[in-house]
Amino acid sequence: MTKKPLLCLNLLLAAVIAVAGGTSDEFSELDYSKLSGIIIPGFASTQLRAWSILDCPYSPLDFNPLDLVWLDTTKLLSAVNCWLKCMLLEPYNQTDHPDCKSRPDSGLSGITELDPGYITGPLSSVWKEWIKWCIEFGIEANAIIAVPYDWRLAPSMLEERDLYFHKLKLTFETAFKLRGGPSLVFAHSLGNNVFRYFLEWLKLEIAPKHYIQWLDQHIHAYFAVGSPLLGATETIEATLSGFTFGLPISEGTARLMFNSFGSSLWMMPFSKYCRADDKYWKHFSAEKHISHHTYRCDERELQSNFSGWPTNVINIEIPTTRGFDAYPSFSEVTPANLSSTECGMPTQLSFTAREISDGSFFKAIEDYDPDSKRLLYQLEKSYLGDPILNPLTPWDRPPIKNVFCIYGTGSKTKVGYYFAPSGKPYPDNWIITDVIYELEGSLMSRSGNLVEGNPGATSGDETVPYHSLAWCKNWLGPKVNITRAPQVEHDGTDVQIKLNVERQPHEDIVPNMTKSPKVKYITYYEDSESLPGKRTAVWELDKANHRNIVRSPVLMRELWLEMWHDIHPDAKSKFVMKAKRGPLRDDDCYWDYAKARCAWPEYCEYRYAFGDVHLGQSCRLRNTSFDQLLHYL
């Protein structure tokens, strides 16, 4: 298969996965060959390996040093109790199980495929396709750096146990010395929370007057992919009833495991109207003794419904009694301690996102659930009381030159739950009685009934609600250019553009554009006016799944084109043109059976190669495909 045109382009690109920003004059001075790409994976997207010897008495398979733990489905199926020992952490101090210790793998191999040779859907192959794209377009091996971490730990423990943020700072500085230029950060899901914490931690490591200088020198652009900027409701499900991620384990087992992690609270929903005091300045003031309880909400929290979310996140029935059989840990409580109301009808309580993040919810069910006390302890210690940052507060735009926020929309996404006592012992003591979903601007229950609330303009990515994903629209400038185009290759006739749209603070931007139900679109929100030296863009991909978005060919194509545009000295605009999208790879060419030729004959031609098994496979890019890139300047 001839790929000479692509190979010529490879020499012009430092990182096909990179999107950089600025004016054409700025980028003509940027040496693209010096760029590095640093990948921060999401929750459960890093391999964990055993760091001890564990004899499993009822299984022929033992755990030895460097054996896969997450994810080794063979051992999970044959020795689930042993596997759990290697996964669980002590809930209070986050230490390893006495019998087994696990640590994150390192390098690209730690994030590409979690369980090689076994198909486990999104869990197995994570960043493999991303790396494959980089290799196909000629990216150098040392230009892509993965920074895996132990996703079970709270942010403060990442630094305390593994010195993770010190190592991450050294990674940026090493990449700068190795290649001579800044890095491009690609973070997915929880990886964005990790990167946010790193930026705050860095403020205490670098002199204030050098902080922005360090960022400008070492980080050229930041790509927040599928970021739960205001939390994710599925975290509630995992906390109260268990979320198996498709693994062959019970929900109760999954709940036990998840609630032992300090990170279980990191993606809890929280209000966009409540903030904590800037802890950064306390380190430079004489008032260091001030209590960390400086969580304040403005009047909009009281005026709005549901903390600005579409609905109450949790609706839960409190048991009529404490249920000694269902809750063995409370069997010592005497009947004299029970109030008369607990002997009557069940009481249903509702909780907003704020009441979850400030601990009110866990305090309300503390007497009815053994995990609540442990979770409340972790919430106070590792989040509300974190000396660097309370992560359960709204994001401001990171102080980085170029920020791209990318996420999927238009999928059925959970935004609220109804829980009730199940009558079973812990950890199966709660049951989900109903779920509230958001779908394309409406709310509905699991049975299909419409629910009243405050739905957004569209829905989320099946995991994170739209309300949380779209918070980054607040990072855009006062005027925004909006472009909507089909995700597949197109000639530009169906591209819709609105220029200089006014963005109202704290309000969503809803483009008045048509959509065909049979077409998947990508909508770009790009700064028309922004802060000097800053550039921000938001990309919404229709029907892009949260866990699969990093494998999306559409996303990779857009990143590649943006890079081509940005490094070209003749680029005339801040962002790549959206007028047309032609095939860029052989995989984009296909056979048009109606016309008995390859589709897109301007770019593709029939060229058989030994081993082709169908006509579409023999459709390949023409050798003149280089010219099409001139359209994107």
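Per an unreviewed UniProt entry, the protein chain goes by Putative transferase and derives from Lupinus albus.

Across its full length, the protein chain carries 19 helices and 23 strands. Sorting the 633 residues of the protein chain into buried and exposed places 58% on the buried side. For the protein chain, the share of sequence-separated contacts (at least 6 apart) that also reach a separation of at least 24 residues comes to 71%. Counting every atom, the protein chain has about 26,000 Å² of accessible surface; 54% of that belongs to carbon and sulfur.

The next subject is helix α10 (residues 208-218). Among the residues of α10, those classed as buried are Y211, W214, L215 and H218. For α10, the angular spread of buried residues about the axis comes to 95°, placing them on one side. Of the residues in α10, the exposed ones pointing more than 90 degrees away from the buried face are K209 and Q213. Residues of α10 that are buried make contact with α8 (164-179), β6 (183-188), α9 (190-203) and β7 (219-225).

With that out of the way, let us pick up the sheet that holds strand β1 (residues 36-40). The sheet built from nine strands is open, its strands ordered β5-β1-β6-β7-β12-β19-β18-β16-β17 with mixed pairing. With one partner strand each, in any of the chains shown, β5 (144-146) and β17 (496-502) form the two edges of the open sheet. Recorded for the sheet is a direction-independent mean angle of 15° between the axes of neighbouring strands. Pairing geometry for β7 and strand β12 (residues 402-409), over five bridges, is parallel. Within β12, the position partnered with F223 by the bridge is F404. Against the sheet, helix α19 (residues 553-567) touches β7, β12, β16 (479-486), β18 (521-529) and β19 (535-542), its axis set at about 155° to β19.

Look at the link from W70 to L71: it is a cis peptide, with omega at 15°. Locating L71 in the fold gives a position in the loop between β3 (68-70) and α3 (73-78). A cis amide bond links Y426 to the next residue, P427, at an omega of 15°. Within the element layout of this structure, P427 appears in the loop between β13 (413-421) and β14 (430-439). Positive phi, normally seen in glycine, also occurs at L163, with a value near 50°. Looking at where L163 falls in the secondary structure, it is placed in the loop between α7 (155-162) and α8. Residue classification places L163 among the partly exposed positions, given a relative accessible area of 44%. Although it is not a glycine, H506 sits at a positive phi angle of roughly 65°. Judged by relative accessible area, which is 48%, H506 ranks as partly exposed.

Definitions and limits used
- Residues numbered from 1 in each chain as written.
- Predicted model: local features only at pLDDT ≥ 70, side-chain atom pairs only at ≥ 80, totals over all residues.
- Heavy atoms only, no water.
- Helix = DSSP H or I, 4+ residues; strand = E, 2+ residues; numbered from the N terminus.
- Buried < 20%, exposed > 50% of the residue type's maximum accessible area, 1.4 Å probe, protein only.
- Contact = heavy atoms within 4.5 Å.
- Areas by Shrake-Rupley, 256 points an atom, 1.4 Å probe, with all protein chains shown as cover.
- Arc of directions from axis to C-beta.
- Pairing = 2+ DSSP bridges.
- Axes fitted to C-alpha atoms, helices over the stretch in contact; angles between N-to-C directions.

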